[in-house]
Amino acid sequence: MHPASVIRKRQVVRADQVPVKGLRNGSSSVAERIGGISWAHFVNDGAANFLPGVLPVILVELNFSAGLAGSIMAALLIGQGLQPFIGLLADRIGGRSLMIAGIVGTAFGAALVALAQSVLVLVIALLIIGVFNAVFHPQMLAATRQIAAKRAAGAMSVVLVGGEIGRGVWPALASAILVAFGRESLVVLAAPGVMTALLLLRWAPKLEPQRKATRIDWRTHAGPLGALVAFCALRALVNFVLITFLPLVWHQHGGNMTTGASLITVLYVVGVVGNLGGGWLGDRIGRRALLVTSMLVLLIATALIPLISGIAFWLAIAIAGVCLFATLPLTVLIGQDFVPEARAFGSGIALGMANAIGALGLLIVSPLADMFSVETPMWIACGAAAIALVLALSMPLPSHLRDNPAS
């Protein structure tokens with residue numbers, strides 16, 4: 001083949017097909033790195049989200065009412081709004097330093113929660129977790145896409161599953177440790193993050209920096225991004241209401257704390273089915289059909305949770321978990337594709353900014369638990385799911401992610 005032809009072919013290779021720096025050829029190396037990033041996501045998000053499992057005890061120790069639970073959770077979650085801006089920084093500097101700093105900072109904040117003896121220290125610890133959790137995610141998501149290249153959807157599902165399992169397992173684990181050894185013993189939950197940070201030097205690729213400042217075409221992206229953020233924020237609000245108030249409702253009705261934390265475990269761990277199956281199902285029934293069906297079933301399950309008991313109660317929580325997370329990998333990819341010139345920023349918009357808005361919604365909704373009943377925020381979550389359903393029907397999608405299943 002003539003050398004000029006080789007040059008021309010190389011010029012049309014897309015950026016997401018460029019081999020990762022330092023990555024050996026072979027699927028085992030790719031699998032190892034994706035598995036390692038998924039483990040890091042498990043550790044980071046577990047350390048960042050064990051609070052709901054021990055929240056009933058903390059409320060009692062610090063004389064907080066149920067209505068103030070949302071304020072505590074909002075302090076933990078609000079920092080995720082920094083993700084888009086950290087994403088821009090991540091795109092500019094490249095490397096993997098932000099990912100490593102994020103997981104270490106989250107671990108430090110988790111240790112501080114375990115040792116906090118005042119409301120002020122607790123809030124500072126939660127803000128630290130929120131900020132460093134935001135620092136971790138953009139580079140992590142961009143690294144996943146670069147490692148996987150053409151198989152980005154499957155790899156994104158695997159990595160996001162790590163986070164979902166972490167958010168599900170750690171509240172129950174933290175609750176069991178607290179009951180057995182006391183709150184100060186929760187400091188051991190920081191150790192996995194510090195050790196995993198060292199392993200990221202092997203697993204995480206050094207992302208190529210953007211030499212020029214990223215210019216985002218807001219006139220083109222603002223409308224689609226606004227619809228995506230609104231959808232993801234409403235989904236996040238449903239999620240945050242469930243993880244905050246399900247254990248409190250359970251505890252208020254005489255249930256023990258460990259079982260209450262297990263409700264979160266069911267929500268997130270069973271939700272892995274949705275996370276793994278969402279991409280596969282979306283390829284077959286169509287992306288919009290997946291968004292609409294997930295939100296419709298989520299609405300029904302959330303409405304049933306306050307009304308039923310026994311096995312049906314646990315089943316409704318499990319179904320809600322599947323529906324919450326079935327659309328998560330897809331919306332992250334949509335965010336990246338809406339802003340192809342700054343994918344870490346697009347990820348941060350879809351995940352971090354939306355979660356921060358959902359946290360603000362939780363802050364507004366939570367006082368209703370004191371004004372009316374602890375179940376009231378659950379009904380607000382139903383309304384959020386209904387609005388998300390409407391948005392799913394009308395939200396614009398990138399051309400290759402529209403209704404045709406084969407797209």
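Residues numbered from 1 in each chain as written. Predicted model: local features only at pLDDT ≥ 70, side-chain atom pairs only at ≥ 80, totals over all residues. Heavy atoms only, no water.

**Q** Where do I start with the overall build of the protein in this structure?
**A** Counting its secondary structure elements, the protein contains 18 helices and zero strands. Per-residue burial for the protein yields a buried fraction of 57% across its 407 residues. In the protein, of all internal contacts separated by at least 6 residues, the share reaching a separation of at least 24 is 84%. Working note: accessible area of the protein is about 16400 Å², and carbon and sulfur atoms make up 69% of it. (Helix = DSSP H or I, 4+ residues; strand = E, 2+ residues; numbered from the N terminus. Buried < 20%, exposed > 50% of the residue type's maximum accessible area, 1.4 Å probe, protein only. Contact = heavy atoms within 4.5 Å. Areas by Shrake-Rupley, 256 points an atom, 1.4 Å probe, with all protein chains shown as cover.)

**Q** Looking at this structure, I do not really get the packing of helix α3 (residues 51–61) against helix α4 (residues 69–77). What am I missing?
**A** Axis angle and axis distance: for two packed helices, these are the angle between their axes and the distance between the axes, and together they describe the pair. Close contact between α3 and α4 brings their axes to 11 Å; oriented N to C, the two are set at 135°. Between α3 and α4, the angle is such that the two are oblique. The two elements α3 and α4 meet at a crossing, and its hand is right-handed. Note on element contacts: α4 touches α3 through A69, I72, M73 and L76, opposite L51, P52, L55 and L59. Its residues assigned to classes, the contact of α3 with α4 comprises eight nonpolar, no polar and no charged. (Axes fitted to C-alpha atoms, helices over the stretch in contact; angles between N-to-C directions. Parallel < 35°, antiparallel > 145°, perpendicular 65-115°, else oblique. Left-handed = near helix turned anticlockwise from the far one by under 90°. Nonpolar A, V, L, I, M, F, W, Y, C, P; charged D, E, K, R; others polar.)

**Q** Please explain the nonpolar core as it appears in this structure.
**A** In a soluble, globular protein the nonpolar side chains are often hidden away together inside. Of all hydrophobic cores here, the largest spans 120 residues; its most connected members are F50, L51, L126, L186, L200, F231 and L242. Per element, the largest residue contribution to this core is 19 residues, and it comes from helix α10 (residues 218–252). Not counting residues within four places of it along the chain, the set of residues in contact with F231 comprises L291, M295, T327, T331, A388, L391, A392 and M395. (Core = buried A, V, L, I, M, F, W, Y, C linked by side-chain atoms within 4.5 Å.)

**Q** Before we go on, may I ask you to explain the packing of aromatic side chains in this structure?
**A** This structure, assessed with the given rule, holds six aromatic pairs. By way of ring pairs, the aromatic residues W39, F42 and W170 are connected into one cluster. (Phe/Tyr/Trp six-rings, centres within 6.5 Å; stacked < 30°, edge-to-face > 60°.)

**Q** How should I be thinking about a nonpolar patch on the surface in this particular structure?
**A** A surface patch of nonpolar side chains, about 700 Å² in accessible area, is lined by L296, V297, I300, L304, L307, L315, I319 and W379. Broken down by element, the residue count for the nonpolar patch peaks at four residues, all from helix α13 (residues 287–304). Examined against the element boundaries, W379 turns out to sit in helix α18 (residues 376–394). (Patch = residues over 30% accessible without salt bridge, like charges linked within 9 Å, V, L, I, M, F, W, Y side chains within 5 Å. Salt bridge = Lys/Arg side-chain N within 4 Å of Asp/Glu carboxyl O.)

**Q** Any chance you could explain α18 here in plain terms?
**A** The α-helix winds at 3.6 residues per turn, so residues separated by three or four positions along the chain end up facing the same way. With 19 residues, α18 extends 29 Å between its outermost C-alpha atoms, agreeing within 8% with the 27 Å of an ideal straight helix rising 1.5 Å per residue. For α18, the full list of buried residues reads T376, P377, M378, A381, C382, A384, A385, A388, L389, L391 and A392. (Expected span 1.5 Å × (residues − 1).)

**Q** Just to check I follow, could you spell out the confidence of the model for the protein for this structure?
**A** In regions of low pLDDT, the predicted coordinates are not meant to be interpreted in detail. Confidence in the prediction for the protein averages 82 pLDDT; 87% of positions are at 70 or higher. In this model, residues 1–28 is a region of pLDDT below 50 whose contacts with residues beyond four sequence positions or in other chains number 21 contacts. (pLDDT = per-residue confidence, 0-100.)

**Q** Honestly, the environment of A222 in this entry has me stumped. Any pointers?
**A** Tracing the chain through its elements places A222 in helix α10. Counting along the chain gives 116 residues from A222 to F338, while the straight-line C-alpha distance between them is 9.4 Å.

**Q** Sorry, what's going on with the pattern of salt bridges here?
**A** Pairs can form between side chains of opposite charge once their charged atoms are near each other. Under the criterion given, the structure shown has four salt bridges. The closest approach of N and O atoms between E164 and R167, which form a salt bridge, is 2.6 Å. Of this pair, E164 and R167 both sit in helix α8 (residues 152–181), three residues apart, roughly one helical turn. For the pair shown, E164 and R167 are each scored as buried. The structure contains a network of salt bridges with shared partners spanning D45, E164 and R167.

**Q** Would you take a moment to explain the packing of α13 against α18 for this structure?
**A** It is at 9 Å that the axes of α13 and α18 come closest, and there the two elements cross at 165°. Judged by the inter-axis angle, α13 sits roughly antiparallel to α18. Of the two possible hands of crossing, α13 and α18 adopt the one that is left-handed. Of the residues in α18, those in contact with R288, L291, V292, M295, L296, L298, L299, T302 and A303 of α13 are M378, W379, A381, C382, A385, A386, A388, L389, A392, L393 and S394.

**Q** For this particular structure, what's the right way to read the side chain of E375?
**A** Mapped onto the elements, E375 comes out in the loop between α17 (368–371) and α18. Despite being buried, E375 has no salt bridge partner; R167 is the closest side chain of opposite charge, sitting 25 Å away. Among residues more than four places away in sequence, those in contact with E375 are V249 and H253. (Lys, Arg positive; Asp, Glu negative; His and termini not counted.)

**Q** For this particular structure, what's the right way to read the side chain of Q139?
**A** Topologically, Q139 is positioned in helix α7 (residues 119–148). A distance of 2.9 Å separates the side chain of Q139 from the backbone oxygen of G94, its partner in a polar contact. (Polar contact = N/O pair within 3.5 Å; in protein donor to acceptor, adjacent residues only side chain to side chain.)

**Q** Explain helix α14 (residues 310–326) to me, please; I cannot follow it from the model alone.
**A** Its 17 residues give α14 an end-to-end C-alpha distance of 25 Å, which sits within 8% of 24 Å, the value for a rise of 1.5 Å per residue. Within the sequence span of α14, burial applies to F313, A316, I317, A318, A320, G321, C323, L324, F325 and A326.

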